[in-house]
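The lines below spell out each chain.
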Amino acid sequence: MGAEHTREGKWRRINGGLIPVGIIGAYFAAPSLRFCNPLLLLFGGLFLGFAANVGYDRLVGDEKTRFNSIQVWVFILLAAGFLGAACLEIYQREPRWDAKCAALQAEMLNGTAMGSPAPKKGQATASEAFQALGCRPQL
């Protein structure tokens with residue numbers, strides 16, 4: 001019990017919380033990769049990692065300086081900015097993606113109009129495009 005109040009015990013407690021949160025976040029962020037720029041997510045994750053590293057030095061090491069505290073907050077703010085931009089892009093892009101999927105679904109269910117040309121060589125049919133885009137059936 002006494003080990004919880006040491007620097008190592010505090011780091012174990014924080015580290016034990018960060019790892020499951022990172023795993024859960026990666027699991028739930030994976031479906032959003034098709035909607036947003038992966039570089040925004042990468043930079044957001046990198047800055048969160050830098051914040052954790054500097055925070056580790058601050059909590060476990062003996063580096064409790066004002067500069068160290070400012071570094072942690074700057075990295076957190078940068079990560080929040082990049083992740084916020086990624087979320088904004090997701091919210092802007094998903095309705096258009098769903099509309100495109102709904103149009104492909106309608107084309108598959110209703111068929112093409114008589115006299116419309118067949119897809120050109122190398123061009124995907126509606127069902128192939130629906131599957132390749134990872135669309136889900138629209139109701």
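Since the structure is predicted, the reported quantities are computational estimates derived from the model, not experimental observations.

Caption draft 1: Fine view of helix α2 (residues 38–59). The end-to-end C-alpha distance of α2 is 31 Å, a good match for the 32 Å that 22 residues give at a rise of 1.5 Å each. Every buried residue of α2 is accounted for by L40, G44, F47, A51, V54 and G55. The buried residues of α2 occupy one face: seen down the axis, they fall within an arc of 105°. Buried residues along α2 sit against α3 (66–110). Where α2 begins, one side-chain oxygen reaches toward the backbone nitrogen of L39, 3.0 Å away; that side chain belongs to N37.

Caption draft 2: Expanded view of the environment of W97. Looking at the secondary structure, you find W97 in helix α3. Here W97 is in contact with R34, F35, L133 and C135, once residues within four sequence places are set aside.

Caption draft 3: Focus on the environment of L41. With respect to the helices and strands, the residue L41 is situated in helix α2. Residues L41 and A29, spaced 12 residues apart in sequence, show a C-alpha to C-alpha distance of 9.0 Å.

Caption draft 4: How the structure looks around the nonpolar core. Formed by F35, C36, L40, A86, I90, W97, C101, L104, A126, A129, F130 and C135, the largest nonpolar core amounts to 12 residues. The leading source of residues in this core is α3, at 5 residues. Within the second largest apolar cluster, 6 residues are counted, among which are F47, A51, V54 and V72.

Caption draft 5: Quick peek at the side chain of Q105. Mapping Q105 onto the fold places it in helix α3. Beyond its immediate sequence surroundings of up to four residues, Q105 is in contact with F130, R136, P137 and Q138.

Caption draft 6: Geometry of α3. In this model α3 runs 66 Å from its N-terminal to its C-terminal C-alpha over 45 residues, within 8% of the 66 Å that 1.5 Å per residue would give. The largest bend in α3 amounts to roughly 30° and is located at R93, with the proline P95 lying one to four residues further along. Buried within α3 we find N68, V72, F75, A79, A86, E89, I90, W97, D98, C101, L104 and Q105. Buried residues in α3 make contact with α2 and α4 (126–132). Looking one or two residues past α3, G111 carries a phi angle of roughly 80°, positive in sign.

Calculation criteria
- All chains use their own residue numbering, which begins from 1 and follows the written sequence.
- Confidence filtering applies because this is a predicted model: local features only for residues at pLDDT of at least 70, side-chain atom pairs given and counted only at 80 or more, and all residues used for totals across whole chains, interfaces and linings.
- By convention in this description, side-chain values take in all heavy atoms of the structure and omit both hydrogens and water.
- Elements are defined by DSSP. Helices are runs of H or I of four residues or more, strands are runs of E of two residues or more, and each kind is numbered from the N terminus.
- A helix is expected to span 1.5 Å for every residue after the first.
- Per-residue accessibility, obtained with a 1.4 Å probe over protein chains only, is compared with the maximum for each type, and a residue is labelled buried under 20%, exposed over 50%, and partly exposed between these values.
- This arc corresponds to the set of directions leading from the helix axis out to the C-beta atoms.
- Contacts are residue-level and defined by heavy atoms, with any inter-residue pair within 4.5 Å sufficient.
- Any pair of nitrogen or oxygen atoms within 3.5 Å is treated as a polar contact; in protein, a donor-acceptor pairing is required on top of that, and neighbouring residues in sequence qualify only through side-chain atoms on both sides.
- Definition of nonpolar core: a set of buried residues of the types Ala, Val, Leu, Ile, Met, Phe, Trp, Tyr and Cys, connected through side-chain atoms within 4.5 Å.
- Across the chain, bend at a residue is computed as the angle between axes fitted to the seven residues ending at that point and the seven starting from it.

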